[in-house]
Number of protein chains: 2
Amino acid sequence: MNDAEPTDSLAEWLAGRPTAAGQTLGARLAQGLREAVLQGVVAPGQRLPATRALAERLGVARNTLVAVYAQLAAEGFVVAGQGSGTYACRVTPEQVSARPASKAAPAPGRLTAPALSARGRRYQGHPLHRFWARQPFCPGGFDAELFPHALWNRLLAQPLRQADAALLAAGEPGGAPALREAIAQHVRTTRGVRCESRQVIVTDSTAQSLDLIARLLCDPGDAVWIENPCYWGASQALADLGLSLQAMDVDDDGMPVPPAPARGAPRPRLAYLTPSHQFPTGAVMPLARRLDWLAHAREHGTLLVEDDYDSEYRYTGMPFPSLQGLDSDTAGGQRVLYLGSFSKTMYPGIRVGFLVVPAGLASVFGDASADFYRDGDQLVQQALARFIAEGHYGSHVRALRREYGARREALVQALWRAVPELMADPSRLRLLGGARGVHLALALPARVDDQMLATRCAALGVSVIPLSAYCVGRSHRGLVLSYAGCAPERIAPLVGRLAPALRATLG
Amino acid sequence: MNDAEPTDSLAEWLAGRPTAAGQTLGARLAQGLREAVLQGVVAPGQRLPATRALAERLGVARNTLVAVYAQLAAEGFVVAGQGSGTYACRVTPEQVSARPASKAAPAPGRLTAPALSARGRRYQGHPLHRFWARQPFCPGGFDAELFPHALWNRLLAQPLRQADAALLAAGEPGGAPALREAIAQHVRTTRGVRCESRQVIVTDSTAQSLDLIARLLCDPGDAVWIENPCYWGASQALADLGLSLQAMDVDDDGMPVPPAPARGAPRPRLAYLTPSHQFPTGAVMPLARRLDWLAHAREHGTLLVEDDYDSEYRYTGMPFPSLQGLDSDTAGGQRVLYLGSFSKTMYPGIRVGFLVVPAGLASVFGDASADFYRDGDQLVQQALARFIAEGHYGSHVRALRREYGARREALVQALWRAVPELMADPSRLRLLGGARGVHLALALPARVDDQMLATRCAALGVSVIPLSAYCVGRSHRGLVLSYAGCAPERIAPLVGRLAPALRATLG
């Protein structure tokens, strides 16, 4: 054993260590001694001063130092020697950092920040990141002026008047029963969805609903059909879960039914569809194609995922019935998983989505949702259940529908006023899709670089999303303008600012 | 074109349709006509009665029926013929269901409920499902008696007194800044974690933190080291993201450092570690092995994921410093991602976890977390930030530590009283790990079927988890008893009920 570390020099070194806020004397001394060992102030294997001597030098109670030595021994920074004596451990960072790097050593760059994986780089490099901003015409917009704050806050605050352990517990698998019942009732009457409340699984979001579907019903490498262009959150979730995405160009009727797979060829496990209002082109799928999809699903074993993300917003006539309801109308068992969300009807931060699964899958989906993600916020789930069941939700959605319909109309009129010559020429600027939802898609000629146009728009202070950013292979060119978060009086001035960029590109 | 459907019979059929609650007349008629088309009441291609005649028969305003026909035409259920006249669409479910099934048609079973994938079946078949129950000795237990309800409810309710759009918006990427700052301050002083607040990424849970790591830093097929036995949520999340799990048997010092990979062999991308208190064996990793792991990580490019899930609970001495802090102490850049959670210190339903990432990854992790999962509940994040920053969290954890320490002691004493002859013989029953955390692991001889023993215990009314349920290949046998949710006076009676099962198996 080496000689003991001179008591004076170690005491001096320890006294010079900074004290963190709220740190006890013992914790400070322990941390100081750890650093003394790690930094070689006490050499590997060297004997530490006796507690009595060091305590005296430091002016602390000996018992404090005895406890600190015991702590460091338990941690392995020091070891008790035979008989008396405490020694610095023999493994030190000097040994560690002096260990020769192998021939296949990592490049120096790896030592600073770990590199993203290919999957991480694909996320980071997605073109949507370049265009999305918290601005009026970007998706996810929200107008707090339209929200019934007082009513909602009252529903949230009411259970907080007393201690309620149920609000703190992990919830029931599948979501709060009252919320599942309220959602089931709502989608049955407004969307023609055929379900009991136990088939409703409450999730955080549509992305989480898809994550759950992919984890329970798909294996890595399984082929899935997705729309092209496609909602980013859907394609990202499905790709990250290892599925092999087959993007199908949508037309004015939504995603076409693919030809029957060749004999022996792998059959896609899922098709992800937005039949009510294709995102982002706005196409509405007619009945004939819906029935073709259902027939294809039955014949080839494909499951249809119907994302009904903004079906509440239809500005002429009644909403179309859901594909899920159509599936149940016909023979053959349910092959449609229906997805919904409250972020576009309540508020972006609500984090309540849901899926409706075939009855035979209800139990495993509920359990898995609880196991994978924990259950949602009980306070919010209870408040939302009351908000729906007491009829507030229906009234709120009707009010939003009127308001968003007016905004859409204002947006179309503003475009006609700002660039009438372009709007009158569908070969240059063409309004896509039905009068629905909270965004409007404009098709541009295939020769136009819509990402460059969106960059020009952003330079004029207005962020819009290029349609090709949602595409595989830039199959579609255009602009997507979301208006949910844009007060009506702001619409015309913002569109006016876009006019020079539109003219310069298309003129 | 066929003749028109006789007006009388269609009117009679429509009048016989049920009315859903709250359904308007138009919606009811539209739904009735849709079903008439789908069920062949109106044959494919057949002409519908004129709106005037049908309206008269039904005793409804003609305009109502005109709107309904327009709606159905828009949906594709009917088509407008040349000149006047409206015809049922030519695609009908008869055609659909009569379509001959191909030779490779799905088995009849597929028509009822879609089958789970192999991944889904692996989840469903996991042995933990058989043993977990909402019972005192099962993980995730919570004692609402120990929670400061009034204080917490006040913090939650306070912002609800006024309309605050910020509470409804999608939050800042990475979490509420106040919460990130509070967490950074907390882990710096209590765990020796070296970080700024921007390195703290708020998530829902440890599983979500791992999901984020796997999606950004790993690719499908990448090898990761996991502990054996291992926290289920970690192995499930990493496997579902396509990683290739390499389970390493833990010993009394936690997970051993693997030998250097052979030249050219793939290097594991991650190692998932619980060094403070291995889950579930309770092993505490000594300094020497921690330094070896750090050296291995630096040399081979492996990232270390340190799950510090219950480090707040240590019943003797001070908590060990984190591996992350040790990494920063030494040269070479950060290779540790540090994970924490509030579900064991606040309440199970809080859904707030976090990870601390190397500074160079802070921005992409924050953005991706917002994009993949939406941001957490703003009300809860703000309340938790205040709860920590105002010192309530520190006091609450200290109170819990005292209480849980007493419960652990009561559990150990109850075991000594109930089965002294087994406790005195480590070859039959051996207490594993350090005096920490909120669960106690007991090792059993390798010959014992711990899952059968747990089944016996459940039959006696007490659910415990067999250690092998956390293992790959049943490498470890034992029982895991969580005591966080078990009031002290219930401990001895519950353990007393286990005694016959323990004696019958080990006696």
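Residues numbered from 1 in each chain as written. Chains lettered and ligands numbered in written order. Predicted model: local features only at pLDDT ≥ 70, side-chain atom pairs only at ≥ 80, totals over all residues. Heavy atoms only, no water.

Draft legend 1. Up close: the interface of chain B and chain A. With 126 residues of chain B at the contact, the number on the chain A side is 126 residues. For the pair chain B and chain A, the two sides together bury roughly 9,900 Å², of which 57% comes from carbon and sulfur. Area buried by chain B at its contact with chain A is led by Arg119(B), Leu168(B) and Arg351(B), which between them contribute 8% of it. Along the contact surface separating chain B from chain A lie 6 salt bridges. Taking the shortest distance from any N to any O, the salt bridge between Asp204(B) and Arg351(A) comes out at 3.0 Å. Counting the contacts that link chain B with chain A gives 43 residue pairs in polar contact (both at pLDDT 80 or more). It is helix 13 (residues 287-300) of chain B that contributes the most residues to the side of chain B that touches chain A, 8 residues altogether. Broken down by class, the residue content of the side of chain B that touches chain A amounts to 68 nonpolar, 28 polar and 30 charged. (Contact = heavy atoms within 4.5 Å. Buried area = accessible area lost by both parts, 1.4 Å probe. Salt bridge = Lys/Arg side-chain N within 4 Å of Asp/Glu carboxyl O. Polar contact = N/O pair within 3.5 Å; in protein donor to acceptor, adjacent residues only side chain to side chain. Helix = DSSP H or I, 4+ residues; strand = E, 2+ residues; numbered from the N terminus. Nonpolar A, V, L, I, M, F, W, Y, C, P; charged D, E, K, R; others polar.)

Draft legend 2. Molecular detail of the pairing of strand 8 (residues 336-341) of chain B. All names here are of chain B. Burial runs high along strand 8: 6 of the 6 residues are buried. Burial along strand 8 is two-sided: the face carrying Val336, Tyr338 and Gly340 and the face carrying Leu337, Leu339 and Ser341 are both buried. As judged from the 4 bridges shared by strand 8 and strand 9 (residues 353-356), these two strands associate in the antiparallel manner. Following the sheet pairing, Ser341 is matched in strand 9 by Gly353. (Buried < 20%, exposed > 50% of the residue type's maximum accessible area, 1.4 Å probe, protein only. Pairing = 2+ DSSP bridges.)

Draft legend 3. Local environment of the packing of helix 1 (residues 7-15) of chain A against helix 3 (residues 51-58) of chain A. Residues and elements named next belong to chain A. Contact geometry of helix 1 with helix 3 gives a least axis separation of 9 Å together with a crossing angle of 50 degrees. Taken together, the axes of helix 1 and helix 3 lie oblique to each other. Judged by the sense of rotation from one axis to the other, the crossing of helix 1 with helix 3 is right-handed. Here helix 1 contributes Thr7, Asp8, Leu10, Ala11 and Leu14 to the contact with helix 3, which in turn contributes Ala53, Leu54, Arg57 and Leu58. (Axes fitted to C-alpha atoms, helices over the stretch in contact; angles between N-to-C directions. Parallel < 35°, antiparallel > 145°, perpendicular 65-115°, else oblique. Left-handed = near helix turned anticlockwise from the far one by under 90°.)

Draft legend 4. Structural context of the relation of the copies chain B and chain A. Of the transformation superimposing chain B on chain A, the axial component is 0.1 Å and the angular component is 180 degrees, with the fit at an RMSD of 0.1 Å. Both copies of the chain, as the preceding transformation shows, are related through a two-fold rotation axis. Looking at chain B, 100% of its interface residues are interface residues in chain A too, so the copies touch through the same face. (Least-squares fit on C-alpha atoms with pLDDT ≥ 70 in both.)

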